[in-house]
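# Descriptive structure summary
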Amino acid sequence: MPNCTIISNERMHGDYFRAVFDAPEIAPKSNPGQFVHIRIDNRFDQMLRRPFSIHNAQNGQLTIVYKVVGKGTQALSELPSGSVCDILGPCGKGFSAPADDVIPVAVCGGYGAAATFMLTRQSKNGGVLLLGARSEKDILLTGEYADAGFQVKVATDDGSMGIKGRVTDLFPQLLEEYKGKKLFFYGCGPHPMLMALARLLREKGLDGELSVDHIMCCGVGACFGCVVKVNDHAHPGEWMYARSCADGPVFKLADIYTE
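Summary of the structure given here. The residue numbering used here restarts from 1 in each chain and proceeds along that chain's sequence as written. The predicted nature of this model means local features are confined to residues of pLDDT at least 70 and side-chain atom pairs, given and counted, to a pLDDT of 80 or more, with totals for whole chains, interfaces and linings taken over all residues. In computing side-chain values, all of the structure's heavy atoms are included and hydrogens and water are not.

## Concerning the sheet that holds strand E4 (residues 50-53)
What counts is decided by this rule: Strand pairing requires that DSSP identify at least two bridges connecting the strands. Segments assigned H or I by DSSP are reported as helices when at least four residues long, segments assigned E as strands when at least two residues long, and all are numbered from the N terminus. Interaxial angle, 0 to 180 degrees, is taken between N-to-C directions of lines fitted to C-alpha atoms, where a helix line uses only the stretch in contact.
Spatially, E4-E3-E7-E1-E2-E6-E5 is the arrangement adopted by the seven strands of the open sheet, whose pairing is antiparallel. A single partner strand is all that each edge strand has here, and the edge strands are E4 and strand E5 (56-58). Neighbouring strand axes in the sheet, compared pairwise and without regard to direction, differ in orientation by 35 degrees on average.

## Brief notes about the sheet that holds strand E12 (residues 183-188)
The strand order across the open sheet built from seven strands is E11-E10-E9-E8-E12-E13-E16, with neighbouring strands paired in mixed fashion. Edge positions in the open sheet fall to strand E11 (163-164) and strand E16 (250-252), since each of these has one partner strand only. As judged from the six bridges shared by strand E8 (residues 103-109) and E12, these two strands associate in the parallel manner. Residue Val107 lies in a different strand from E12, and its bridge partner there is Gly187.

## With respect to the nonpolar core
Heads up, the condition is: Residues grouped as a nonpolar core are buried Ala, Val, Leu, Ile, Met, Phe, Trp, Tyr and Cys residues, joined through side-chain atoms within 4.5 Å. We call a residue buried when its accessible area falls under 20% of the maximum for its residue type, exposed when it is over 50%, and partly exposed in between, using a 1.4 Å probe and counting protein chains only.
Ranked by size, the top nonpolar core spans 28 residues in total, and within it Val105, Val107, Leu130, Phe171, Leu174 and Phe185 carry the most contacts. By size, the runner-up hydrophobic cluster in this structure holds 24 residues, among which are Ala19, Ile40, Ala57 and Ala75.

## Some thoughts on the pairing of E12
Selection criterion: Here, the term right-handed applies to a crossover whose path from the first strand over the helix to the second runs clockwise when the strands point away from the viewer.
Within E12, six of the six residues are buried, which leaves the element mostly enclosed by the surrounding structure. Crossover connection from E12 via helix H5 (residues 191-204) to parallel strand E13 (residues 208-211): handedness right-handed.

## Some details on the environment of Met240
Which entries qualify depends on this criterion: Contact criterion: two residues are considered in contact whenever any of their non-hydrogen atoms come within 4.5 Å of each other.
By secondary structure assignment, the location of Met240 is in strand E15 (residues 239-243). Given the relative accessible area of 41%, Met240 is considered partly exposed. Separated by 42 residues in the primary sequence, Met240 and Ala198 place their C-alpha atoms 17 Å from one another. When sequence neighbours within four positions are dropped, the list of residues in contact with Met240 reads Val228, Lys229, Val230, Asn231 and Asp232.

Read these as layout, nothing more, since geometry by itself doesn't imply function.
If you want it as structure tokens, here you go:
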């Protein structure tokens, strides 16, 4: 559990921040879809670590993108450069690297786009980002994806950017544009979005992997506080529990339980 120094911790816009850590022990081992468990400070009310998807890991540096939603992330947003955080990671099972013959499609909700970004470095065929959010103010990282060679398509609930609707409403245009191409889907975002995505992929006969995040305590599979339902392949039609921190957070589409 190395102590990592904050290189920069800056507001992107609104309540969204990007923090870069000096993490030479963690960054080289990090893969897309994995997360780090960060102890933000030593106050009693911040005793539990917070999980953050790894946005980027390069040259010994680790980057996370986060939104201020409570006391923990508020405290993190106030830490200046030079501050030190105790970081556990990389944790969990990440996304598989895109096969040489497929075009990866990242389907993300809001800052879920942070978790799939490193796939852009693994793809030999470019890719596509389908990004959904409540409004334009919740859209992140589109420029970074475009610079990495990914086509970007956006949907917002209020129509302030891209099409008006859900991220799954982008599928008809996508499938028509990439007709005859082999696509593989990577999803990360709110649970209802992921369940809708899983059902849609199955309906269309498509395949992928989804990052099913959940509230975590220990982050290493010991406490069983972050379990999610997955398909029990030994008993078709039934489900069992899996730990999102250790067995996931990334699960194959065939494992996703949507009932």
